[in-house]
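Fold and contact review
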Amino acid sequence: MAHLFRDLSLGHSKRETTPPPPPPPLMLAKAHPTDLPSPLGQLGAQLTDSELRLTAYEIFVAACRTSTGKQLTYVPNPDSPAHHSPASPGLQRSLTSTAASKVKKAFGLKSPSGSGSKKSPGSGPGSGSGQVKPRRPMTVGELMRTQMGVSEAADSRVRRALLRIAAGQVGRRIESVVVPLELLQQLKHSDFTDQQEYDAWQKRTLKVIEAGLLLHPHTPLDKSYSTAQRLRQIIRGALDKPIETGKNNESMQVLRSAVMALASRSSDGSLYETCHWADGFPLNLRLYEMLLEACFDANDETSIIDEVDELMEHIKKTWGILGMNQMLHNICFTWVLFHRFVSTGQVEMDLLYAADSQLAEVAKDAKTTKDAEYSKILSSTLSSMLGWAEKRLLAYHDTFDGGNIDTMQGIVSLGVSAAKILVEDISNEYRRRRKGEVDVARNRIETYIRSSLRTAFAQRMEKADSSRRASKNQPNPLPLLAILAKDVGDLAINEKEVFSPILKRWHPFAAGVAVATLHACYGNELKQFISGIMELTPDAVQVLRAADKLEKDLVQIAVEDSVDSDDGGKAIIREMPPYEAEATVANLVKVWIKKSVDRLKEWVDRNLQQEVWNPQGNQEGYAPSAVEVLRTLDETLDAFFQLPIPMHPALLPDLMAGLDRCLQHYVTKAKSGCGSRNTFIPTLPALTRCTIGSKFQGFGKKKEKSPNSQKRNPQVATMNGDNTFGILQLCVRINTLQRVWSELDVMEKRIITRLRNSESAHAEDFSNGLVKKFELSPAACIEGIQQLCEAVAYRIIFHDLSHVLWDGLYVGEPSSSRIDPFIQELEKNLVIISDAVHERVRTRLITDIMRASFDGFLLVLLAGGPSRAFSRQDSQIIEDDFKSLKDLFWVNGDGLPSELIDKFCTTVRGVLPLFRTDTESLIERFRRVTLETYGSSARSKLPLPPSSGQWNPTDPNTLLRVLCYRNDEAASKFLKKTYNMPKKL
């Protein structure tokens, strides 16, 4: 902090000079433009600064009259107003052999800019080559006169008057003399240049007396005090018309009497030995302020003269007259240093640091005294200094930057010091509370940080709004809060790098407080923004992503700043409630997903209502609606991955589930109403026994319906009039589901590719199985294809070909109603179906038709109704017909695999031998399996076994059905006797 200045040793170098030419009057009485009024108090008297300065000088000379002839021990600055002639090289000061002023050394203050080793500019014409004659030493009095800008004539007048006073009052201390009163007595108009100068001097002197005894007395004055009233009248009259001041003049005697009475009184009415005429507040402080101002160099307003130690020593001799002490000196000197820093443009940091250092002494004083008057002055002075500092610190972003950050450090230090004294030593509230509960410095710094950053944030907000308005006509302009998020991030980084290192001296977590404040400011704006978001828009996503990034950056700074704190930064983090920008984005995306899925489902319903399942729609044989569904679904996925969000993997399962339900809905609708296996299988007729020789009631009656035709499932009739459920239409539905099923795998692979290309995807998103697959729709497709294939198969066998199977096969005489017509019709259908269905489901569908035809063949044999009867000899016909049926599907090895055919004809192969078995053996087997099934309860009477629908050679119902259709007497008798079955229905 300290500047180099010329060091001088006491007793070695002398300030030497010839009598200088008269300086310009009041050369230091420059008006320093500042908005900082003096806190030391305003005078009731109309005394200008120049008049106060002259009065202060008179007091100084009076107090030091016995020592003003002492020579200075410092050499003056060659460029000072008291040094105008060239100095000899031998008298120039050395930087290495001299010591600095104690005062300046203590404060680290610099010397005047002119003090340094350099040649004097005085070697001009006429100087010759000889050395200049040394000047006589300058006295403290001469230095003070020069510094205070007092003319030699004025100085001479004062000294002459003081000599006369001293001669007339030998042995009296200066404190017992009212100096302005004695000067009035001693100085006549003949001592002045003219009457006008004398009148002005007399008025000033009378105003000083008025200020010291009437307006600002040392002891409070009763307004009714007659002496005071008399003095006030004298002064008012003298201000209008100068008074005679001769020793024997009556008016002068009256004035002296009143002045001395007031100056010598005490609060209890007794008289002091000393006079109190300049020690009342704030007159004494203002006069002392003028004396301290003289310590600054006349040519360099920011520097204190090198001779400050001796000058200060003599200034302190005025304490007796002015009623000053060390504590008042400390607070006045602090103010003078601070005020000089402010009034000279805040460029000389040494002055600020000196004022801050002096505050340390003030703090000590404040702890040791409870004097009310001192506390009032201290509070006023510190409040003024703190107010000035806080005006800059409460918005320090407007005042400081990287270029003047050192100034900020000094101002913060001064402000904190002042605040601590005000709170800790003056505040009653602080005394009532335990000191450990209040950290003044930390609280002030926190206030500065929060206030300044709120101001800076508001400015950035305004700037961002202007930037947004300026770019609104440009393509893709950034939203306001996205711009603001970047600006706030930059502000936080600047805070961390520039200001926090300074403020950390008083607040260990300055950066944390700063980012918490910015977090709150931006959070308030973001909260309002989020409350107005109704759906996911590009602007909303940009803002929320910017907010999320900003929050992460701010939290990172807070964590780094609080790493050494006791709680690890938890207190700061608690001040930063999450923006939940990601959650908000996620919720908006979920809303978007729901709307997209609902829209897709509505589209599915609308298009399915219009779908006719036309087999001529395209070469692939699937419905156009499937193409549109898959296309729309893919577009929805593409739109999802184009959303500028950071959480595609996390939200993809929600979208997949919704799309999966839509596809499942499509599949369910596509298969609904198409029937199933049970829809087409006819109702089993009631059991009856055959009548030999009369196998078919009404056989040969061409126009009469077969009784069996009345046994079909009524659901079949409901579909006959709807061409959307024809065989070819059903094949289109099968192809459609196959198409959807096959595309699901392709779509899943496409989803993985899109996910890999998204900015938010990570390797673990794939390794951990987070990529969700379609779950409902593939199973629905498989189930739908299975159901539709069964529906087609059983529709063909039991509905479309019922006239050659159910109404024709083995009706009447088996040998004359064999299976060939059925096989011929079935073969035609197989050719059509093979061309109509997709190759991937062709085998499946033909297998189901084969299974349905086997079921139909058995149903004719075991539940064909009373129009059918078989003898043992018919068994060969039946077996040959079944072989023909199998061959239809085998096609000499070009059809279905023989293993598959064998798998599905197992039941038929197990039942057909029963038709070859003799009746007695069938009856015996029936009895045995019935007893095994029902136990001893069946011995007395064989129960009628119910139909299980599962034909089996060991099933009692299957055996009973073979007996019912056995065309012989033994079977008829057994059935009549055992169950009393009728011969016809």
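Residues numbered from 1 in each chain as written. Predicted model: local features only at pLDDT ≥ 70, side-chain atom pairs only at ≥ 80, totals over all residues. Heavy atoms only, no water.

With that out of the way, let us pick up the overall build of the protein chain. When helices and strands are tallied, the protein chain shows 38 helices and 2 strands. Across the protein chain, the fraction of contacts at a sequence separation of at least 24, relative to all contacts at a separation of at least 6, is 80%. Accessible surface, the protein chain: about 45,700 Å² in total, of which carbon and sulfur atoms supply 51%. (Helix = DSSP H or I, 4+ residues; strand = E, 2+ residues; numbered from the N terminus. Contact = heavy atoms within 4.5 Å. Areas by Shrake-Rupley, 256 points an atom, 1.4 Å probe, with all protein chains shown as cover.)

Attention now goes to the packing of helix H30 (residues 776-800) against helix H31 (residues 820-836). Orientation of H30 relative to H31, taken along the N-to-C sense of each, is 150°, at an axis distance of 11 Å. Between H30 and H31, the angle falls in the class roughly antiparallel. Our pair here, H30 against H31, has a crossing hand that is right-handed. Two secondary-structure elements touch here, H30 through Val792, Ile796 and Ile797 and H31 through Phe822, Leu826, Asn829 and Ile833. The class makeup of the residues in the contact of H30 with H31 is 6 nonpolar, 1 polar and no charged. (Axes fitted to C-alpha atoms, helices over the stretch in contact; angles between N-to-C directions. Parallel < 35°, antiparallel > 145°, perpendicular 65-115°, else oblique. Left-handed = near helix turned anticlockwise from the far one by under 90°. Nonpolar A, V, L, I, M, F, W, Y, C, P; charged D, E, K, R; others polar.)

Take the confidence of the model for the protein chain next. Reading predicted coordinates in detail is not appropriate for stretches of low pLDDT. With 81% of its residues at a pLDDT of 70 or more, the protein chain shows a mean pLDDT of 82. Within the model, the stretch residues 67-99 combines pLDDT values under 50 with 107 contacts to residues more than four positions away or in other chains. Counting interchain partners and residues more than four positions distant, the pLDDT-below-50 stretch residues 694-722 has 41 contacts. (pLDDT = per-residue confidence, 0-100.)

Once the charged atoms of two side chains with opposite charge are near each other, the side chains can pair. For the structure on display, the rule yields 44 salt bridges. Between Lys594 and Asp598 there is a salt bridge whose closest N-O contact spans 2.9 Å. Of the two residues, Lys594 and Asp598 are both situated in helix H23 (residues 581-610); the distance of 4 residues between them amounts to about one turn of the helix. Judged by relative accessible area, Asp598 falls into the partly exposed class, the value being 31%. (Salt bridge = Lys/Arg side-chain N within 4 Å of Asp/Glu carboxyl O. Buried < 20%, exposed > 50% of the residue type's maximum accessible area, 1.4 Å probe, protein only.)

On to the nonpolar core. The biggest cluster of nonpolar side chains holds 288 residues, and the ones touching the most others in it are Tyr522, Phe640, Leu826, Phe857 and Phe889. Here this core gets 14 residues from one element, more than from any other, and that element is helix H32 (residues 839-863). Residue contacts for Leu826: discarding those within four places in its chain leaves Ile796, Ile797, Leu801, Ile849, Ser853, Leu885, Leu888 and Phe889. (Core = buried A, V, L, I, M, F, W, Y, C linked by side-chain atoms within 4.5 Å.)

Take the packing of aromatic side chains next. For the coordinates displayed, the defined rule picks out 19 aromatic pairs. When the centroid spacing of 5.7 Å and the interplanar angle of 85° are considered together, the rings of Tyr810 and Phe870 count as edge-to-face. Taken together, the positions of Tyr810 in the loop between H30 and H31 and Phe870 in the loop between H32 and helix H33 (875-890) put the pair 60 residues apart, joining distant regions of the chain. Across the pair, Phe870 and Tyr810 agree in class, each one buried. (Phe/Tyr/Trp six-rings, centres within 6.5 Å; stacked < 30°, edge-to-face > 60°.)

Attention shifts here to the side chain of Ser413. Structurally, Ser413 can be placed in helix H16 (residues 405-426). There is a polar contact of 2.2 Å between the side chain of Ser413 and the side chain of Asp356. Discounting residues that sit within four places of it in the chain, Ser413 has contacts with Asp356, Arg505 and Trp506. (Polar contact = N/O pair within 3.5 Å; in protein donor to acceptor, adjacent residues only side chain to side chain.)

As a further point, take the side chain of Thr679. Relative to the elements of secondary structure, Thr679 occurs in helix H26 (residues 677-680). Residue Thr679 is classed as buried on the basis of its relative accessible area, which comes to 5%. A distance of 2.9 Å separates the side chain of Thr679 from the backbone nitrogen of Ser676, its partner in a polar contact.

Another aspect to go through is the packing of helix H1 (residues 49-63) against helix H6 (residues 195-215). Relative to each other, H1 and H6 sit at 75°, their axes nearing to 11 Å. Looking at the two axes, H1 sits roughly perpendicular to H6. Residue-level inspection shows Glu51, Leu54, Thr55 and Glu58 of H1 in contact with H6, the latter providing Trp201, Arg204, Lys207 and Val208.

This part is about unusual backbone geometry. A cis amide bond links Phe281 to the next residue, Pro282, at an omega of 0°. Along the chain, Pro282 falls in the loop between helix H8 (250-264) and helix H9 (283-293).

This next bit is on the environment of Cys789. The residue Cys789 is located in helix H30 in this model. Cys789 sits in the buried class, given a relative accessible area of 0%. In sequence terms Cys789 and Asp848 are 59 residues apart; their C-alpha atoms lie 6.5 Å from each other. Leaving out residues up to four positions away in the same chain, Cys789 has contacts with Ile734, Arg844, Leu845 and Asp848.

This part takes up the environment of Arg236. The topology assignment puts Arg236 in helix H7 (residues 226-240). What makes Arg236 exposed here is its relative accessible area of 53%. For the pair Arg236 and Lys203, spaced 33 residues apart in sequence, the C-alpha to C-alpha distance is 9.9 Å.

Here Arg340 is to be found in helix H12 (residues 326-343). Judged by relative accessible area, which is 6%, Arg340 ranks as buried. Residues Arg340 and Ala355, spaced 15 residues apart in sequence, show a C-alpha to C-alpha distance of 9.8 Å.

Counted at 1.5 Å a residue, the expected span for H1 with its 15 residues is 21 Å, and the 21 Å between its end C-alpha atoms agrees. Within H1, 12 of the 15 residues are buried, leaving the element largely enclosed by the surrounding structure. Within H1, the full set of buried residues consists of Glu51, Leu52, Arg53, Thr55, Ala56, Tyr57, Glu58, Ile59, Phe60, Val61, Ala62 and Ala63. (Expected span 1.5 Å × (residues − 1).)

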